[in-house]
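Observations on the model geometry
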Amino acid sequence: MSIRHFFPKLADGDREIDFKHLAPFTHSLQGHGRNGASIVLRVSFRSHVFSRAHKGETQGLFFLDENGNRRIFCEDRYAASLQLPALCLGLLSSNALTWESRDGNEKYNLASIGGALVSGAHDTVIFYLFPSGANGIDVEFVVVSFYLKTWNFAHVKRRDKIIQPIKKCYYNGHRVPK
């Protein structure tokens, strides 16, 4: 697993689109580590936070994502991504609720933005965690995607505070969810 430290700028005619706001950043969870130490997270982002799947379009701004799949730049997702680092900090600081959900063939943790988990449409951060190999970083918090999703919380059986899966990753030394 790797961390994307920056995204190359995209050129759209005379306009240059940059992604400086999606640079990885660290956040410390004070007192949650071994012997009362902090757990240091590095929050990073994947290109799906500002793009959507390519579905045969012939016009648009195309690029290859981290897995070599063709994606198309999405103005709406890009606009939403401008607030994403602050939203992620808010999730961590408020110890927001999170839950596991299957997405295709992989599992991801999901966290709803915007307060109470009331069924309906919510801005949703899709992420996973894994132990870091970088000096000074304990856990990698990788934001895979961010979009508006309709949830029926009657079907979400288990909810945890976001610090619980982070501690699970830190103490057990494996990807969360597995």
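Residues numbered from 1 in each chain as written. Predicted model: local features only at pLDDT ≥ 70, side-chain atom pairs only at ≥ 80, totals over all residues. Heavy atoms only, no water.

1. Examining unusual backbone geometry
Of note, the bond from Val176 into Pro177 is cis; its omega dihedral lies within 30 degrees of zero at -10°. One can find Pro177 in the segment after α3 (163-172). In this structure, Asn95 takes a positive phi of about 55° despite not being glycine. With respect to the element layout, Asn95 can be found in the loop between α2 (84-94) and β8 (97-103). (Helix = DSSP H or I, 4+ residues; strand = E, 2+ residues; numbered from the N terminus.)

2. Focus on the pairing of strand β11 (residues 139-151)
When strand β4 (residues 39-45) meets β11, the two strands line up parallel, connected through five bridges. In the sheet register, Phe45 faces β11, and the bridge partner there is Val143. In terms of strand pairing, strand β10 (residues 120-131) meets β11 through twelve bridges, oriented antiparallel. The partner of His122 across the bridge, within β11, is Lys149. (Pairing = 2+ DSSP bridges.)

3. Considering α3
Along α3, the residues that are buried comprise Ile163, Pro165, Ile166, Cys169 and Tyr170. Directly beyond the C-terminal end of α3, a positive phi value near 70° is found at Gly173. (Buried < 20%, exposed > 50% of the residue type's maximum accessible area, 1.4 Å probe, protein only.)

4. Quick word on α2
Residues Leu84, Pro85, Leu87, Cys88, Leu91 and Leu92 constitute the buried set of α2. Along α2, the residues classed as buried sweep out an arc of 165° about the axis, all on the same side. Pointing more than 90 degrees away from the buried face of α2 are the exposed residues Ala86 and Ser93. (Arc of directions from axis to C-beta.)

5. Here we look at the pattern of salt bridges
Taken as a whole, this structure holds six salt bridges when the rule is applied. Arg15 is the salt-bridge partner of Glu75, the closest N and O atoms lying 2.5 Å from each other. Of this pair, Glu75 sits in helix α1 (residues 75-81) while Arg15 sits in strand β2 (residues 15-17); the two residues are 60 residues apart in sequence, bridging distant segments of the chain. The exposure class of Arg15 is partly exposed, given its relative accessible area of 33%. Residue Asp160 pairs with Arg158 through a salt bridge whose shortest N-O separation is 3.2 Å. The exposure class of Asp160 is buried, given its relative accessible area of 18%. A residue is classified by how much of its surface remains accessible, and Arg158, at 59% relative accessible area, is exposed. (Salt bridge = Lys/Arg side-chain N within 4 Å of Asp/Glu carboxyl O.)

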